[in-house]
Amino acid sequence: MKVAVVGSGISGAVCASTLAKNGVPVTLFDSARGPGGRMSQRREISEDGKELLFDHGAPYFTVSNPDVLELVREWESVGLVAEWKVNFSSFDCVFNKFVDIQQVGISKKYVGVPGMNSICRALCRQPGVESKFGVGVGRLDWLDEKNLWSVMGLDGQSLGNFEGVVASDKNVVSARFRDVTGKPPPLDLTFAPELAAKLEDIPVNPCFALMLAFAEPLSSVGH
Ligand SMILES: Cc1cc2nc3c(=O)[nH]c(=O)nc-3n(C[C@H](O)[C@H](O)[C@H](O)COP(=O)(O)OP(=O)(O)OC[C@H]3O[C@@H](n4cnc5c(N)ncnc54)[C@H](O)[C@@H]3O)c2cc1C
């Protein structure tokens, strides 16, 4: 059995590595240049030549599910994640001080090491996972006569036939795909109207992430 996974964000990467660990060969496709999705890292060089690394998606995560905790402990044991020991608070601009300070330890915060994208990168490199970046999936068709899924790229080239496909981003069925690519979404869900309705109900909210670097450490602000 060979499976295609669309997306190398945390959900696609965990799915691909779990399948591979269980003996199912996986080909993972992501239209982005590298792994991570919304756990990506961006590298910039400042005007004075300093390297700046921004975790511009999720900056950290917490865990409440016991199965996830088991997986995260495994990552922690090999140095892929570590506890992020920082205090969180809001900065009150009127009184010029930090308020609502949340101490370390209330709920353990994890970060990827050295960056958030390290987790997905490591998972995408597991034995049994063949990762292809810069490859957008443009069409998914079930071939009745072969009992296989045909996976095609954005420009119509064949990316192979697979016994199973896992799509980790709802844009493979949403109208938003056309806004971005000018093409219809890869998967036509008219054969599964209930699933189509459920997916339609999942909201997608855009957000801006501001990548800001300071010349001096922030530790002294407000003290
Ligand atoms: C600014 C920001 C802050 C956040 N902060 C936190 C936080 O503090 N804690 C927390 O737990 N979570 C946080 N999140 C949410 C968290 O980042 C996401 O829930 C999580 O990373 C989503 O992972 P995913 O694998 O489901 O999707 P994604 O990471 O979006 O992965 C989907 C992947 O699929 C690829 N893809 C999509 N369509 C195709 C296609 N047709 N062909 C090929 N590839 C395709 C995309 O390129 C992408 O890489 C934050 C998110 C953002 C944006």
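Residue numbers restart at each chain and count upward from 1, following the sequence in its written direction. At least 70 in pLDDT is required for a residue's local features to be given in this predicted model, at least 80 for side-chain atom pairs to be given and counted, and no such filter applies to totals for whole chains, interfaces and linings, which use all residues.

### Section: the overall build of the protein
Here comes step 1: A count of helices and strands for the protein gives 5 helices and 13 strands.
Here comes step 2: Based on the C-alpha atoms only, the size of the protein along its principal axes is roughly 70 × 40 × 40 Å.
Here comes step 3: Counting other C-beta atoms within 10 Å of each residue's C-beta, where C-beta atoms are placed from the backbone, gives the exposure class: buried for 20 or more, exposed for 12 or fewer, partly exposed between. Burial statistics for the protein: of 223 residues in total, 23% are counted as buried.
Here comes step 4: Put simply, of all contacts in the protein between residues at least 6 apart along the chain, 59% involve residues at least 24 apart. Helix and strand labels come from DSSP, where a helix needs a run of H or I of at least four residues and a strand needs a run of E of at least two; each type is numbered from the N terminus. We call two residues in contact when their backbone-placed C-beta atoms lie within 7 Å.

### Examining the packing of helix α1 (residues 10–21) against helix α3 (residues 117–124)
Here comes step 1: The N-to-C vectors of α1 and α3 enclose an angle of 30 degrees; their axes lie 8 Å apart at closest approach. It follows from the interaxial angle that α1 and α3 lie roughly parallel. In the crossing of α1 with α3, the sense of the turn from one axis to the other is left-handed. When α1 is examined against α3, the residues I10, A13, V14, A16 and S17 are found in contact with a partner set consisting of I119, C120, L123 and C124. In this analysis an axis means a line fitted to C-alpha atoms, helices contributing only their contacting stretch, and an angle means the value between N-to-C directions, from 0 to 180 degrees. Every angle not falling under 35 degrees, over 145, or within 65 to 115 is termed oblique; those three ranges are roughly parallel, roughly antiparallel and roughly perpendicular. Each helix crossing is assigned a hand: it is left-handed if the near helix lies turned anticlockwise from the far helix by less than a right angle, otherwise right-handed if that turn is clockwise.

### Quick look at the domain arrangement of the protein
Here comes step 1: Structurally, the protein comprises domain 1 (3–44 + 118–220) and domain 2 (60–115).
Here comes step 2: What fixes the domain bounds is an automatic or database domain assignment. Computed over C-alpha atoms only, the centres of domain 1 and domain 2 are separated by 26 Å.
Here comes step 3: Taken together, the 4 residues of domain 1 in the interface contact 7 residues of domain 2.
Here comes step 4: Gly falls in the polar group here, along with every residue not listed as nonpolar (Ala, Val, Leu, Ile, Met, Phe, Trp, Tyr, Cys, Pro) or charged (Asp, Glu, Lys, Arg). Residue composition of the side of domain 1 that touches domain 2, grouped by class: 2 nonpolar, 2 polar and no charged.

### Focus on the sheet that holds strand β9 (residues 129–133)
Here comes step 1: Being paired, for any two strands, means DSSP has found at least two bridges between them. With respect to topology, 4 strands assemble into an open sheet ordered β9-β2-β1-β13, the strand pairing being parallel. With partners counted over all chains shown, the strands left at the sheet margins are β9 and β13 (164–167), one partner each. Here the average twist between neighbouring strands, direction ignored, is 20 degrees.
Here comes step 2: Here strand β1 (residues 3–6) runs beside strand β2 (residues 26–30); their pairing, made up of 4 bridges, is parallel. The residue bridging V3 from the neighbouring strand is V26, located in β2.

### Re unusual backbone geometry
Here comes step 1: That bond from V113 to P114 is cis: its omega, 0 degrees, falls within 30 degrees of zero.
Here comes step 2: Within the secondary structure, P114 is located in the loop between β8 (110–112) and α3.
Here comes step 3: Although it is not a glycine, N96 sits at a positive phi angle of roughly 55 degrees.
Here comes step 4: Turning to its location among the elements, N96 is positioned in the loop between β6 (88–92) and β7 (97–102).
Here comes step 5: Even without being glycine, N147 reaches a positive phi, approximately 60 degrees.
Here comes step 6: Examined against the element boundaries, N147 turns out to sit in the loop between β10 (137–143) and β11 (148–153).

### Here's the deal with α3
Here comes step 1: Taken across its 8 residues, α3 has 7 buried, putting it largely inside the fold.
Here comes step 2: Within α3, the full set of buried residues consists of N117, S118, I119, C120, R121, L123 and C124.

### Regarding the site of the ligand
Here comes step 1: Each residue receives a C-beta atom built from its backbone; the residue is near a molecule or strand if that atom lies within 6 Å of it. Close to the ligand lie 28 residues; G7, G9, S11, G37 and A58 are nearest.
Here comes step 2: Elements with a contribution of two residues or more to the shell around the ligand: α1 and β2.
Here comes step 3: Sorting elements by how many residues they give to the shell around the ligand places α1 first, with 3 residues.
Here comes step 4: Looking at the shell around the ligand residue by residue, the classes come out as 14 nonpolar, 11 polar and 3 charged.

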